[in-house]
Amino acid sequence: MVAQAFSAVIDKHIESIKREGRYRVFTPLQRECGNFPHAAMFRDDIKSRTEITVWCSNDYLAIGQNSGMLKAMHAALDESGAGCGGTRNISGTHRDHVRLEEELAEYHGKEKALLFSSGYVANLTCLATLGAQVEGLIIYSDAQNHNSIIEGIRQSRAEKRIFKHNDAKDLARLLAQDAPASPKLIVFESVYSMDGDIAPLEEILQVAEKYNAMSYLDEVHAVGLYGPQGAGIAARDGVSDRIDIIQGTLAKAFGSFGGYVAASSKVVDFLRSLGSGFIFTTSLPPVIVAGAREALRVVSAADDLRERQQQNVQILKTRLRDKKIPFIDGESHIVPVMIGDASICRKISDVLLSDYGLYMQPINYPTVPRGLERLRLTPSPLHGEDTIEVLIKALDELWTRWQLRKNLNP
């Protein structure tokens, strides 16, 4: 039984979230292999099945259903079984872990790579370890960095400075205020997942080099999608060699699971030896790693998928403009449709799902600030013009029915 004091606190917070319209309801889905972006939705009794179209998947290239990837995973399952047997230090290092790390290092032009159980854990572990172990380290973090970065810095207990979002001048101002001899680390993302904007890598790296600061770049929403072989924004901009640590994920454009960092041999050895989130966590199962290796091979050669995805992104943006539906027109594949009210955002999401069979989750506080609630759309190569037109018709009908603001400039 929950003690009375705990129960009162729990009730207070849950009631507050519900009043604000931020209470999150999970929708049970079943992805249908070979039918992306369509899926089956199940109601509360898990028996009632409805066909829907998913518009908010992070499987950006639909690689999670690639036949070659599935074949590699079946073979690994038959060969090695389900689990890995332990942590990387205790019987949990499989030959495919080593191979994938070598391939990821080569992919990013780095000496070494290190696998983690997720991208979140990679950020949390690496930043907490660097901040705690490098004496006097000051961490400079973009104001819109992901929660995993914020938590890693917080757990490190290192001094931190927050610079204005994507503002190299503000970063330089903060760096100039600190002692030149202090060790410094700049942490930022290439593609920001909520607004879909892209960091000015060249400008930030010029500042880093001027002030002798290390750079840590989160590429989770860019790997697989941009640059030669899809190696990310740093590869696209030709600056990978100037970034000290690149962090990525296997769970988005690679359609698998897990996270990683790529860096120099010395940095990777440091993180491998001192990072609690690596040392004390059971390693990724061989079946997952085998699938990720094949996904990396497929994605590296998937220029056609990247091109089709970008074409669909532009088609969607054009049709949103035609209907004067407000969205943030960023440089990336992420298209946030702006609503600005948690309750309305939740209601639109519910109606789109129940009446139109279109699934996109409402994004609200604390993921975004209050007043900037939105639907986050992520077109894939398989969201063709017909699929886009169904979505546009539904949004236009709802915006008209509820007299929502159009031409909003977020």
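**Q** Can you help me understand empty space enclosed by the protein in this one?
**A** Empty space among the atoms can be located by rolling a probe the size of a water molecule over them. Counted by the stated rule, this structure contains one cavity of 30 Å³ or more. Computed from the structure, the largest cavity encloses a volume of approximately 100 Å³. R88, H97, L115, F116, S117, V121, G277, F278, T281, T282, S283 and L284 are the residues that line the largest cavity. Residue classes in the lining of the largest cavity are distributed as five nonpolar, six polar and one charged.

**Q** Can you walk me through the environment of D341 in this structure?
**A** On the secondary structure map, D341 appears in the loop between strand 11 (335-338) and helix 13 (342-356). When the C-alpha atoms of D341 and L382 are compared, they prove to be 30 Å apart, with 41 residues separating the residues in sequence.

**Q** I'm lost on the environment of A181 in this one. Help?
**A** For A181, the location among the structural elements is in the loop between helix 6 (168-177) and strand 7 (184-189). Residue A181 is classed as exposed on the basis of its relative accessible area, which comes to 76%.

**Q** Looking at this structure, how should I read the side chain of S215?
**A** Relative to the helices and strands, S215 resides in strand 8 (residues 214-218). Residue classification places S215 among the buried positions, given a relative accessible area of 1%. Those residues in contact with S215 that sit more than four places away from it in its chain are L185, I186, F188, L205, R242, I243, D244 and I245.

**Q** I'm lost on the packing of helix 12 (residues 303-322) against helix 14 (residues 385-401) in this one. Help?
**A** When two helices pack together, their arrangement is given by the angle between their axes and by how far apart the axes lie. Between helix 12 and helix 14, the least distance of the axes is 10 Å, while the angle of their chain directions is 25°. Here helix 12 is positioned roughly parallel relative to helix 14, judged by the angle of their axes. When the axes of helix 12 and helix 14 are compared, the crossing they make is right-handed. Along its contact with helix 12, which presents N312, I315, L316, R319 and L320, the element helix 14 presents E385, I388, E389, L391, I392 and L395. The residue inventory of the contact of helix 12 with helix 14, partitioned by class, reads seven nonpolar, one polar and three charged.

**Q** Looking at this structure, how should I read the nonpolar core?
**A** If you look at the biggest cluster of nonpolar residues, it comprises 58 residues, and the most contacted ones within it are I186, F188, L201 and F254. Here the element with the most residues in this core is helix 11 (residues 286-300); it accounts for seven residues. Excluding anything up to four places from it in sequence, L201 contacts F188, S190, L217, I233, A234, D237, V239 and I243. Of all hydrophobic cores here, the second largest spans 32 residues; its members include M41, I348, L377 and I392.

**Q** I tried to follow the sheet that holds strand 8 on my own but got confused; where do I start?
**A** Hydrogen bonds between backbone atoms are what pair the strands of a sheet, whose relative direction is either parallel or antiparallel. With respect to topology, seven strands assemble into an open sheet ordered 4-10-9-8-7-5-6, the strand pairing being mixed. The sheet terminates laterally at strand 4 (112-116) and strand 6 (159-163), the two strands that pair on one side only. Here the strands of the sheet are splayed against their neighbours by 20° on average, with no regard to which way each runs. In terms of strand pairing, strand 9 (residues 245-249) meets strand 10 (residues 259-263) through four bridges, oriented antiparallel. The residue bridging G248 from the neighbouring strand is Y260, located in strand 10. Each of strand 4 and strand 10 is contacted by helix 3 (residues 95-107), which is oriented at about 125° to strand 4, the strand it contacts most. Its contacts with the sheet put helix 7 (residues 201-210) on strand 7 and strand 8, and the angle it makes with strand 7 is roughly 175°.

**Q** Teacher, can you tell me more about the side chain of R376 here?
**A** Looking at the element boundaries, R376 is found in strand 14 (residues 374-377). Despite its burial, R376 pairs with no opposite charge, the nearest such side chain being D195 at 8.9 Å. For R376, the side chain forms a polar contact with the side chain of N58, separated by 3.3 Å. Leaving out residues up to four positions away in the same chain, R376 has contacts with W55, C56, N58, Y60, S193, M194, H221, I334, V335, P336, Q361 and I363.

**Q** Explain helix 5 (residues 147-156) here, please?
**A** Along helix 5, the positions that sit buried rather than exposed are S148, I149, E151, G152, I153 and S156. Where helix 5 is buried, its residues contact helix 4 (119-133), strand 5 (138-142), strand 6, strand 7 and strand 8.

**Q** In this structure, what is going on with the layout of surface pockets? I would like to understand it.
**A** Considered as a void within the structure, the largest pocket measures approximately 660 Å³ in volume. Along the walls of the largest pocket sit 28 residues, with N58, H146, M194, K252 and R376 positioned nearest its centre. Breaking the lining of the largest pocket down by element, the ones donating at least two residues are helix 4, strand 9 and strand 13 (362-363). A per-element tally of the lining of the largest pocket places helix 4 first, with three residues. For the lining of the largest pocket, the class distribution of residues is nine nonpolar, 12 polar and seven charged. If you add up the space inside the second largest pocket, you get close to 450 Å³. Together, 18 residues line the second largest pocket, and Q144, N145, M194, T367 and V368 are the ones closest to its centre. Of the residues in the lining of the second largest pocket, the class split is nine nonpolar, six polar and three charged.

**Q** Is there a simple way to explain the pattern of salt bridges in this structure?
**A** Pairing between side chains of opposite charge can happen when their charged atoms approach one another. What the rule picks out here adds up to 28 salt bridges. Among the ionic pairs, E51 bridges to R49, the shortest N-O distance being 3.4 Å. According to the relative accessible area criterion, R49 is partly exposed, its value standing at 44%. As a salt-bridge pair, R272 and D269 come within 2.7 Å of each other at their nearest N and O atoms. Here R272 pairs with D269, and both are found in helix 9 (residues 265-274), just three residues apart, close to one helical turn. Among the charged side chains, a network of salt bridges with common partners joins D96, R99, E103 and R293.

Rules behind the numbers
Residues numbered from 1 in each chain as written. Predicted model: local features only at pLDDT ≥ 70, side-chain atom pairs only at ≥ 80, totals over all residues. Heavy atoms only, no water. 1 Å grid on protein atoms, 1.4 Å probe; cavity = no way out; pocket = protein on both sides within 12 Å on 5 of 7 lines; lining within 4 Å. Points joined across faces, edges and corners; volume = space filled by probe spheres on them. Nonpolar A, V, L, I, M, F, W, Y, C, P; charged D, E, K, R; others polar. Helix = DSSP H or I, 4+ residues; strand = E, 2+ residues; numbered from the N terminus. Buried < 20%, exposed > 50% of the residue type's maximum accessible area, 1.4 Å probe, protein only. Contact = heavy atoms within 4.5 Å. Axes fitted to C-alpha atoms, helices over the stretch in contact; angles between N-to-C directions. Parallel < 35°, antiparallel > 145°, perpendicular 65-115°, else oblique. Left-handed = near helix turned anticlockwise from the far one by under 90°. Core = buried A, V, L, I, M, F, W, Y, C linked by side-chain atoms within 4.5 Å. Pairing = 2+ DSSP bridges. Lys, Arg positive; Asp, Glu negative; His and termini not counted. Salt bridge = Lys/Arg side-chain N within 4 Å of Asp/Glu carboxyl O. Polar contact = N/O pair within 3.5 Å; in protein donor to acceptor, adjacent residues only side chain to side chain.

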